[in-house]
Amino acid sequence: MKKQQDTRNVRRDYLHGQLSKENLDQDPVRQFGHWMHDAVEAEITDATCMTLATCGDDGMPAARIVLLKHHDETGFCWYTHYQSTKGIQLQQNPKASLLFYWREMDRQIRISGVVEKLPAETSDHYFDSRPIESRIGAIVSQQSQPIKSRQALLQQVEQQTQSSENAAVKRPDYWGGYRLKPSEFEFWQGREDRLHDRFRYLKNDHHWKIERLAP
Ligand SMILES: Cc1cc2nc3c(=O)[nH]c(=O)nc-3n(C[C@H](O)[C@H](O)[C@H](O)COP(=O)(O)O)c2cc1C
């Protein structure tokens, strides 16, 4: 049996950069854009992965990774199954939190706000842009439901592939996009001796208030 890893002494220094109020953009969506640009330019693997945290009626938070597909001043968007665990939780409580962590740059971004479904045409447009295999996967997978076996799933894929051969593969109404409309951001830059830089943007009557937070 493998020995349990002792994680108490796993630590490292954060020396990649610094953040000050003067070099922050007044607009957090633009600030996010600068950091996303840096992450993509630095060829960080999975730069668009974000942890999505939701919480339904039972009060038990749940987190999972999804991919950011687009963002602008109206919000941050991803695509998924509307009847998955996250979909049900968002129906019960449309508030959520997103988290990006770019280890190579010692950067973390938290974004929270209210979530809404994207218009059907926007979801159609994205669905149609996906490879056929991904579209068929989205159709057959009842995401987050127990299934009998992988074999059973593959059979469904096979059946769907055959029945789709001569027909357009259209987005099912149980699959589509969400948009989180941000009301709060936090930008975190790791620094030496655990004295990290943290800035929070809070939305106040269409105006963003920026505060430095203790690390
Ligand atoms: C790198 C990565 C990217 C993922 N992207 C998505 C995504 O964009 N949409 C999605 O529904 N699930 C995505 N997943 C799977 C989710 O993490 C999760 O397993 C799934 O959405 C079911 O979550 P739920 O049961 O909490 O609803 C991704 C997982 C990983 C590791």
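A brief look at the structure comes next. No experiment lies behind these values; they were computed from the predicted model shown. (Residues numbered from 1 in each chain as written. Predicted model: local features only at pLDDT ≥ 70, side-chain atom pairs only at ≥ 80, totals over all residues. Heavy atoms only, no water.)

## What about the packing of aromatic side chains?
Here's step 1: Applying the stated rule across the entire model yields 15 aromatic pairs.
Here's step 2: When the centroid spacing of 5.5 Å and the interplanar angle of 80° are considered together, the rings of Phe-185 and Trp-208 count as edge-to-face. In this pair, Phe-185 is assigned in strand β7 (residues 175–189) and Trp-208 in strand β9 (residues 207–212), connecting sequence segments 23 residues apart.
Here's step 3: Phe-185 gets classed as buried once you look at its relative accessible area, which sits at 0%.
Here's step 4: Judged by relative accessible area, Trp-208 falls into the buried class, the value being 14%. (Phe/Tyr/Trp six-rings, centres within 6.5 Å; stacked < 30°, edge-to-face > 60°. Helix = DSSP H or I, 4+ residues; strand = E, 2+ residues; numbered from the N terminus. Buried < 20%, exposed > 50% of the residue type's maximum accessible area, 1.4 Å probe, protein only.)

## Topic: the site of the ligand
Here's step 1: In the vicinity of the ligand, the contacting residues are Cys-49, Arg-64, Ile-65, Val-66, Leu-67, Tyr-79, Thr-80, Ser-84, Thr-85, Lys-86, Gln-143 and Ser-144.
Here's step 2: A distance of 2.8 Å is found between an oxygen atom of the ligand and a side-chain nitrogen or oxygen belonging to Arg-64.
Here's step 3: Between an oxygen atom of the ligand and a side-chain N or O atom of Ser-144, the distance comes to 2.6 Å.
Here's step 4: Across the complex, the protein chains shield 62% of the 620 Å² of accessible surface that the ligand would expose by itself. (Near = heavy atom within 4 Å. Polar contact = N/O pair within 3.5 Å; in protein donor to acceptor, adjacent residues only side chain to side chain. Areas by Shrake-Rupley, 256 points an atom, 1.4 Å probe, with all protein chains shown as cover.)

## Topic: the pattern of salt bridges
Here's step 1: Overall, the coordinates contain 15 salt bridges when judged by the stated rule.
Here's step 2: A salt bridge links Arg-179 to Glu-116, with the shortest nitrogen-to-oxygen separation between them at 2.6 Å. Of this pair, Arg-179 sits in strand β7 while Glu-116 is found in strand β6 (residues 107–117), placing the two residues 63 residues apart along the sequence.
Here's step 3: Here Arg-179 falls in the buried class, since its relative accessible area comes to 17%.
Here's step 4: Residue Lys-209 pairs with Glu-211 through a salt bridge whose shortest N-O separation is 3.4 Å.
Here's step 5: The network of salt bridges with shared partners includes Arg-191, Glu-192, Asp-197 and Arg-212. (Salt bridge = Lys/Arg side-chain N within 4 Å of Asp/Glu carboxyl O.)

## Things to note about the pairing of strand β5 (residues 95–102)
Each regular strand carries side chains that alternate between the two faces of the sheet.
Here's step 1: Burial along β5 is one-sided: the residues Ala-96, Leu-98, Phe-100 and Trp-102 are buried and none of Lys-95, Ser-97, Leu-99 and Tyr-101 is.
Here's step 2: Where strand β1 (residues 49–55) and β5 come together, 4 bridges link them in antiparallel fashion. The residue bridging Thr-54 from the neighbouring strand is Ala-96, located in β5.
Here's step 3: Direction of pairing for β5 relative to β6: antiparallel, over a ladder of 8 bridges. Following the sheet pairing, Lys-95 is matched in β6 by Val-114.
Here's step 4: Here β5 folds back onto β6 in antiparallel fashion, the turn holding 4 residues, of which Asp-106 has a positive phi close to 55°. (Pairing = 2+ DSSP bridges.)

## Quick look at the state of the cysteines
Here's step 1: In the structure shown here, the tally under the stated rule is 0 disulfides.
Here's step 2: Not engaged in a disulfide, the cysteine Cys-49 finds its nearest cysteine sulfur in Cys-77; these two sulfurs lie 16 Å apart.
Here's step 3: Overall, Cys-77 belongs to the buried group, its relative accessible area being 3%. (Disulfide = S-S within 2.5 Å.)

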